[in-house]
Amino acid sequence: MGQHKWAEQAPDETFFRIQAPDGTLLGQPPDLDDATLLRMYRTLVLTRAYETHTIRMQRRGELSVTAQSTYEEAVGLGAAAALRDGDWCFPSYRQFAAHLYWGVPMDRTLAILRGGAPETVAEHLPLDTPPGVTFTPYGVILGTNVLNAAGSAMADKLNGRDIVTLAFTGEGSTSEGDFHDALNFAAVFKAPLVVVVHNNQWAISTPAHRQHAAPTFAHKALAHGLPGERVDGNDVLAMYQKTREAVDRARAGEGPTLIEAVTYRVVDHNTSDSAEVYRDQALAEHWKQFDPRPRFEAYLADRGLYSDTLRQQYEAECLAEVQAAAARALPLPRSDAMTMFDSQLFGDPGWHLRLQQRELAAELNDANPYTAIDPETLE
Amino acid sequence: MGQHKWAEQAPDETFFRIQAPDGTLLGQPPDLDDATLLRMYRTLVLTRAYETHTIRMQRRGELSVTAQSTYEEAVGLGAAAALRDGDWCFPSYRQFAAHLYWGVPMDRTLAILRGGAPETVAEHLPLDTPPGVTFTPYGVILGTNVLNAAGSAMADKLNGRDIVTLAFTGEGSTSEGDFHDALNFAAVFKAPLVVVVHNNQWAISTPAHRQHAAPTFAHKALAHGLPGERVDGNDVLAMYQKTREAVDRARAGEGPTLIEAVTYRVVDHNTSDSAEVYRDQALAEHWKQFDPRPRFEAYLADRGLYSDTLRQQYEAECLAEVQAAAARALPLPRSDAMTMFDSQLFGDPGWHLRLQQRELAAELNDANPYTAIDPETLE
Amino acid sequence: MNAPGIDPVTDTTDLNLVQAVNTALRDELARDPAVRVMGYDIGPIGGVFRATEGLYDTFGGERVIDTPLSENGLIGAAVGMAMRGERPVVEIQFLGFLYNAFGQFVCLMSNVRERSGGQLSVPMTIRTPFGGGIKPLQFHSESTESYLIHTPGVRVVCPSTPAEAKGLLAASIRCDDPVVFLEHSRLYRAFREPVPTAPYALPLDKARVVREGREVTVLAWGAMVHVAQQAIDDMAVDAELIDLRVLAPLDVKTILDSVRRTGRCVIVHEARRTLGLGAELSALVTEHVFDCLKAPVRRVTAFDVQFPENQTEDYYLPDARRVRHGIESVLQYRF
Amino acid sequence: MNAPGIDPVTDTTDLNLVQAVNTALRDELARDPAVRVMGYDIGPIGGVFRATEGLYDTFGGERVIDTPLSENGLIGAAVGMAMRGERPVVEIQFLGFLYNAFGQFVCLMSNVRERSGGQLSVPMTIRTPFGGGIKPLQFHSESTESYLIHTPGVRVVCPSTPAEAKGLLAASIRCDDPVVFLEHSRLYRAFREPVPTAPYALPLDKARVVREGREVTVLAWGAMVHVAQQAIDDMAVDAELIDLRVLAPLDVKTILDSVRRTGRCVIVHEARRTLGLGAELSALVTEHVFDCLKAPVRRVTAFDVQFPENQTEDYYLPDARRVRHGIESVLQYRF
Ligand SMILES: Cc1ncc(C[n+]2csc(CCOP(=O)(O)OP(=O)(O)O)c2C)c(N)n1
Ligand SMILES: Cc1ncc(C[n+]2csc(CCOP(=O)(O)OP(=O)(O)O)c2C)c(N)n1
Ligand SMILES: [Mg+2]
Ligand SMILES: [Mg+2]
């Protein structure tokens, strides 16, 4: 463990808020019906149950490396709730709440995290009803998904479809060229795109103040001529409100918006990381008090929707759901080695892949792949 | 020729100016001594003579494709004059005035434009006194030079040297990721970098309003937390003044600055282009009245430095200089084919290049390169 | 001449290669509303080589889309459009500029379909001029098809004549896979030939036997097909000349069948030698028809240096003489 | 074991590969003030693999520089620093992220010296983990050294043991050319060996003969050296195993001399087959020692698909059994 750690800076708290951290209403809450509010709250509970369980599974060796969003769920939740059926989302790896709000099946996600081929997962855990919002696989190469999302939004614009595309990215990823390309293309073509910069102050070990020198990440919008908002990322209602405004503008043909969601990565970057190596964990402890969950519960209580019983009921239901999903994902057969040749080119994959498929098949049959096949038999 | 052309927009003229287009002083001129002013003026005259001559040479087939900066020379001239001996410049291909202000030898530039290898040029036209400011070869891949310039400035910062790096790029090139990387790295490390965005409203056929949706190119600075200035790029004094302030800040350790120099590409993109194909040339005609030269002459006249005789003298001298440079460049022997193997790796270039060198040598001797060489003789 | 797919009896028009490209773009824009031609300098100007000339006038700015100056932006946005059912045809002004978009090219364009288990696809085409001989600026003469061919999940196509270009570009655009379509800039205006006037698509899985022969197989693509042809004509050797047409995935069968018959193989390419496609072709031939070989496979290539300055590039690129030397070396070879 | 440059009598310390890398970085930082270690997550955290652990504490933030999260920014800024006399050592967190910087890599880092006629140089090193076997996320297991090797103007180095890593990294950093230094992530903690304690540099132009043999030459690098070794041990074949060490420029002489003696050659690599370095090696061997070959050159490789999901990657990467099959195929070959 290094002697030197990053000097931290508490993030600037000048941002849009609807609720104070203690739950006090500071402004007009968005017009959300009870059912939606409860769906949002249940998603919050489910996300926590899901993440707690996946971390446990990962430690047991049942999953490969995975990330968490605990204490940061309001970003994905509030933003995703502002979408509607038919919209598209290009997420980052930290938006479990967005996935779960829209019913992306946990069993499939877990099966993928177990290193299964998507073809195997689709075969054994078929989708009966696809979620109302289409989620793309998250972009492993940071920043790329935001640019693809800009293209998705351009496609809708060109076809006059009133679909909105939402993209999530971390604040660290705003340093990649793809991020700027995305904002520039979306702004020039007035594409119906909403980009949420999930600013949790850290990119693995890099603090936001080493990532850039601008006062806020919302400032990035100014370079590209689109509106930039800065929102309390631990305030579900604020996230919903500002994203909803942006989504409405996008749907009305008024172009893209950038939203900086200010939060803090209380947890480790992912299951391979130990944040105490490079930062003083005091600020992380401090941020636990901004947990979005009690804040949102306070609003539900104001609306007469919240009770301890409800929470306990949700917790029990969600735990059961997660366990059931894990129970479906765990027994999936390992992907067949031959699946690596799937979903390459449409139609004939070419002579060399036909040969190599036969080579691997020979190996799986304990034959010598280099002597067992007569290449003259390949068309 | 297409029926449809780009609808043009006259650029927004809210920018820093010291002289009105008619020469009237609008503000305090920079503190420049007579000798420097005359050196600047002579550079302006020389640049025009040089460009007129190179276009002619290109049409005669004596040079490969080349660009012009006519009517836009104030950008490179004013900015480069703000540097001092020891500074570095990473230019674009449109900054002849910057090169000539610092005495980059025209004969060498012409010899390179004739397609000679730099090694041949250096051999036949050796540099006696290198220019006070070091110019790198311009970056063919747009945007890259700005980022390399940021690295150059970081090197000076890390070594505590009071050297400033100046980079030029076109407004179109600000759409490349390298440009944003450059601003971000320079701002984070407070590097002594000045970036001039030469906004001549066109990137070949792409008008600035299709390049981005921000109100100005100076706005790009806001994304990265550095000062952004917008300057009349046809006003030599204004370009000098704002660049000088930025250079002084950089030298004082206060970090980078972005300067948008607003001008207009009256001429074709380069000798391969015909602007009338894609734009209405009326605005180009209109911009001729903003020619930086008479404006600067008016200031020199105010200072009692200008006379028609001086202009004629400079014109005659400069033409002679250009002709002399061309006369030195034209008779250079064609580069030896073997020069293509020069300046690869330091030391031994490796077995394959040693073999290939011998192959080419064999070809040049009318031998069969594939049978003439015994590979066993290669170490 | 064996050119599968081109019907010789149809009506023809004399076109050069850039006109053939233009015609194919026009046909495909008219045929399928999902086709969008995209790039910078492709709208009113019609492309720096005039490949998109007139298309903006006919189809307007929503089908022929001038974009900001970012190759990465272009490829990444086109990938997103393609994921949503569009069929973008992106012009990258020169192959040397594609390096700026290499992340999106490798990790998204060529990968989205595999990554999504076939749920998403990227039916887009990159068209880009490449190759040497027109003596422009640095990075405007690249023949770095190897970077593309080593990337799985993408087809790489390279026509050598106007009629080939028209049919192969139509096929590339209609293909549901991502395709890179390499247009040799030296061939754009090199010659005209009769090109069938009606739209047609050529197969993307068949090499073209330009001339049959028994003594040696010569493999080439793009401009090198013509250089090889000239060398063969000069020598009056009974060579079989194969225009690969599609560089990935390769039509290996046609190649191996030929070398089985001739017992000799010469590969001609403009790319640098080390890991140019010739390396793969040589390895494939040796692996699969070793016992038929009467001489080692010969690679006639450019050298392993950066594309040189204008004054020396003629010594860098293979010419008919270098090809002749290559063919002679395999004909003369004795164990 | 022939390891030119390592003096066997010096004092040694048992180190694994990542510790050896760390030691070399520490030595070079101490030795030359122009050396700057740069990257994201290389400072207080010490790298995601801990290769730079402790360096920030010792040398401070001006020698061990944490940067913003942009590979292109990193490479482009380092090129500029190197042009100005610095000797940057850049960590790219995984080879798969270098694609984002491919423009700067090809057109600047590998090209500035040539372009400037030798007036400017770029003495920088990119260190990056690569290769499969640790089962992480997509694009974290790439073996795409071909993209690098096909690029002129750059050296590509790949150590296979801790002692090799220390000496080759020191040599790479001291070298005035741009270098890419590939560290196999599966080897980082795979084993320890005695590593000379004092700083030393190994030659960048000599392959390493791991074991001598007469029946077949086996060429490998990185983790595949160990896989090949295991196959050879399993088979008790009299194989000559060569660790290439430097992938560009290749030590062709050592390779050809060996195959001239053995008459057989097997190449083992993790990269995809098509235009993997095996293609070049096969072509070179066939071109230059054809008449000594008793069997066609065999490539034992991964397949021409994207690096697959964790559950199937073991079938993708060559293992000792696949290598054994490859060796058997050349031993059994009959004309
Ligand atoms: C192009 C690229 N570079 C680096 C990485 C490795 N990496 C994965 S996550 C991460 C940090 C991202 O930080 P941020 O964008 O702030 O998102 P967060 O994890 O904080 O949500 C890094 C460096 C990557 N996946 N892709
Ligand atoms: C990466 C890259 N893309 C494209 C080009 C081709 N190209 C050369 S100049 C130019 C236009 C540049 O416009 P701008 O940056 O505004 O500079 P200007 O020519 O107007 O000074 C283009 C597209 C290139 N050289 N590099
Ligand atoms: Mg973050
Ligand atoms: Mg411009």
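Keep in mind the model is a prediction, meaning the values are calculated, not measured.

Draft legend 1. Focus on the site of ligand 2. Of all residues adjacent to ligand 2, which total 21 residues, the nearest are Tyr93, Arg94, Ser173 and Trp202 of chain B together with Glu71 of chain C. Those residues lying near ligand 2 are distributed over chains B and C. The side chain of glutamate 171 of chain B places a nitrogen or oxygen atom 2.8 Å from an oxygen atom of ligand 2. Here tryptophan 202 of chain B contributes a backbone N or O atom positioned 2.7 Å from an oxygen atom of ligand 2. Protein chains shield 96% of the accessible area of ligand 2, which is 590 Å² for the free molecule. For the shell around ligand 2, a count of residues per class yields 10 nonpolar, seven polar and four charged.

Draft legend 2. Main features of the site of ligand 1. Taken together, 21 residues lie around ligand 1, and Tyr93, Arg94, Ser173 and Trp202 of chain A together with Glu71 of chain D are the ones closest in. Residues lining ligand 1 come from chains A and D. A distance of 2.7 Å separates an oxygen atom of ligand 1 from a polar atom in the side chain of arginine 94 of chain A. Measuring from an oxygen atom of ligand 1, one finds a side-chain N or O atom of glutamate 171 of chain A at 2.8 Å. If ligand 1 stood free it would expose 590 Å²; the protein chains cover 96% of that surface. Grouping the constituent residues of the shell around ligand 1 by class yields 10 nonpolar, seven polar and four charged.

Draft legend 3. Summary view of the pairing of strand S4 (residues 87-91) of chain D. Residues and elements named next belong to chain D. Burial within S4 is extensive, with five of its five residues counted as buried. Side-chain alternation along S4 places Arg87, Val89 and Glu91 on one buried face and Pro88 and Val90 on a second face that is also buried. Where strand S2 (residues 35-39) and S4 come together, four bridges link them in parallel fashion. Each residue of the ladder has a partner; that of valine 37, found in S4, is valine 89. In the sheet, S4 pairs with strand S5 (residues 125-130) via three bridges, with the strands oriented parallel. The partner of valine 90 across the bridge, within S5, is isoleucine 126.

Draft legend 4. Quick look at helix H11 (residues 292-302) of chain A. All names here are of chain A. Taken together, the buried positions of H11 are Pro292, Arg293, Arg295, Phe296, Glu297, Tyr299 and Leu300. Structurally, H11 contributes buried residues whose contacts are with helix H1 (34-59), helix H2 (73-80), strand S7 (228-232), helix H9 (236-251) and helix H12 (308-329). The positive-phi residue at the C-terminal boundary of H11 is glycine 304, with phi of around 75 degrees.

Draft legend 5. Quick look at the sheet that holds strand S14 (residues 298-302) of chain D. Residues and elements named next belong to chain D. Taking strand neighbours across the sheet as the criterion, the five strands line up as S9-S11-S10-S13-S14 in an open arrangement whose pairing is mixed. This sheet does not close on itself; its edge strands, each paired only once, are strand S9 (208-211) and S14. For this sheet the average axis-to-axis angle between neighbouring strands, irrespective of direction, equals 25 degrees. With three bridges joining them, strand S10 (residues 216-220) and strand S13 (residues 265-272) adopt parallel strand pairing. Within S13, the position partnered with threonine 217 by the bridge is cysteine 265. In the packing of helix H10 (residues 277-289) onto the sheet, contacts are made with S10, S13 and S14, and the angle to S13 comes to roughly 155 degrees.

Draft legend 6. A look at the coordination of the magnesium ion (ligand 3). Residues and elements named next belong to chain A. The coordination sphere of the magnesium ion (ligand 3), as far as protein atoms go, consists of Glu171 (OE), Asn200 (OD1) and Trp202 (O), spread over 2.1 Å. For the magnesium ion (ligand 3), the donor residues sit on a single chain with the sequence spacing E-x28-N-x1-W. On the accessibility criterion, asparagine 200 (3% relative accessible area) is buried. Exposure remark for tryptophan 202: the relative accessible area of 4% places this residue in the buried category.

Draft legend 7. Summary view of the relation of the copies chain C and chain D. Its rotation angle being 180 degrees, the transformation that places chain C on chain D also includes 0.0 Å of axial translation and leaves an RMSD of 0.0 Å. Each copy turns onto its partner about a two-fold axis. Comparing interface residues between copies, 100% of those in chain C also sit at the interface in chain D, which points to an isologous, same-surface contact.

Draft legend 8. Structural context of the interface of chain C and chain D. At the junction of the two partners, chain C supplies 47 residues and chain D supplies 47 residues. Interface area for chain C against chain D, summed over the two sides, is near 4500 Å², with a carbon-plus-sulfur share of 60%. Considering only the surface of chain C that becomes buried against chain D, His150, Leu275 and Phe290 of chain C emerge as the three largest contributors, covering 19% of it. Our count for the contact surface shared by chain C and chain D stands at four salt bridges. One salt bridge in this structure joins arginine 299 of chain C and glutamate 287 of chain D, with 2.5 Å as the shortest N-O distance.

Draft legend 9. Summary view of the packing of aromatic side chains. As enumerated under the stated definition, the model contains 51 aromatic pairs over all chains in all. Relative to phenylalanine 102 of chain D, the ring of phenylalanine 102 of chain C lies with its centre 4.1 Å away and its plane at 15 degrees, an arrangement referred to as stacked. Of this pair, phenylalanine 102 of chain C sits in helix H4 (residues 102-109) while phenylalanine 102 of chain D is found in helix H4 (residues 102-109), placing the two residues in two different chains. Phenylalanine 102 of chain C gets classed as buried once you look at its relative accessible area, which sits at 1%. For the pair tyrosine 147 of chain C and tyrosine 147 of chain D, a centre-to-centre distance of 6.5 Å together with 65 degrees between the ring planes defines the contact as edge-to-face. Remark: tyrosine 147 of chain D occurs in helix H6 (residues 145-149) and tyrosine 147 of chain C occurs in helix H6 (residues 145-149); the pair is interchain, linking two chains. The class of tyrosine 147 of chain C is buried, set by a relative accessible area of 1%. Here the aromatic residues Tyr99, Phe102, Phe105 and Tyr147 of chain C together with Tyr99, Phe102, Phe105 and Tyr147 of chain D are joined through ring pairs into a cluster of three or more. The ring of phenylalanine 16 of chain A carries the charged tip of lysine 242 of chain A above its face, separated from the ring centre by 4.6 Å.

Draft legend 10. Looking closely at the sheet that holds strand S5 (residues 125-130) of chain C. All names here are of chain C. A sheet is described by the order of its strands in space; here seven strands give the open sequence S3-S2-S4-S5-S7-S6-S12, paired in mixed fashion. Two strands bound the open sheet, and with one partner strand each, they are strand S3 (64-66) and strand S12 (246-248). Within this sheet the neighbouring strands show an average axis-to-axis angle of 20 degrees, counted without direction. As paired strands, strand S2 (residues 35-39) and S3 are joined by three bridges and run parallel to one another. Across the sheet, glycine 39 pairs through a bridge with aspartate 66, a residue of S3.

What counts and what doesn't
- Residues numbered from 1 in each chain as written.
- Chains lettered and ligands numbered in written order.
- Predicted model: local features only at pLDDT ≥ 70, side-chain atom pairs only at ≥ 80, totals over all residues.
- Heavy atoms only, no water.
- Near = heavy atom within 4 Å.
- Polar contact = N/O pair within 3.5 Å; in protein donor to acceptor, adjacent residues only side chain to side chain.
- Areas by Shrake-Rupley, 256 points an atom, 1.4 Å probe, with all protein chains shown as cover.
- Nonpolar A, V, L, I, M, F, W, Y, C, P; charged D, E, K, R; others polar.
- Buried < 20%, exposed > 50% of the residue type's maximum accessible area, 1.4 Å probe, protein only.
- Helix = DSSP H or I, 4+ residues; strand = E, 2+ residues; numbered from the N terminus.
- Pairing = 2+ DSSP bridges.
- Contact = heavy atoms within 4.5 Å.
- Axes fitted to C-alpha atoms, helices over the stretch in contact; angles between N-to-C directions.
- Donors = N, O, S within 2.8 Å, 3.2 Å for Na, K, Ca; no water.
- Least-squares fit on C-alpha atoms with pLDDT ≥ 70 in both.
- Buried area = accessible area lost by both parts, 1.4 Å probe.
- Salt bridge = Lys/Arg side-chain N within 4 Å of Asp/Glu carboxyl O.
- Phe/Tyr/Trp six-rings, centres within 6.5 Å; stacked < 30°, edge-to-face > 60°.
- Lys NZ or Arg CZ within 6 Å of the ring centre and 35° of its normal.

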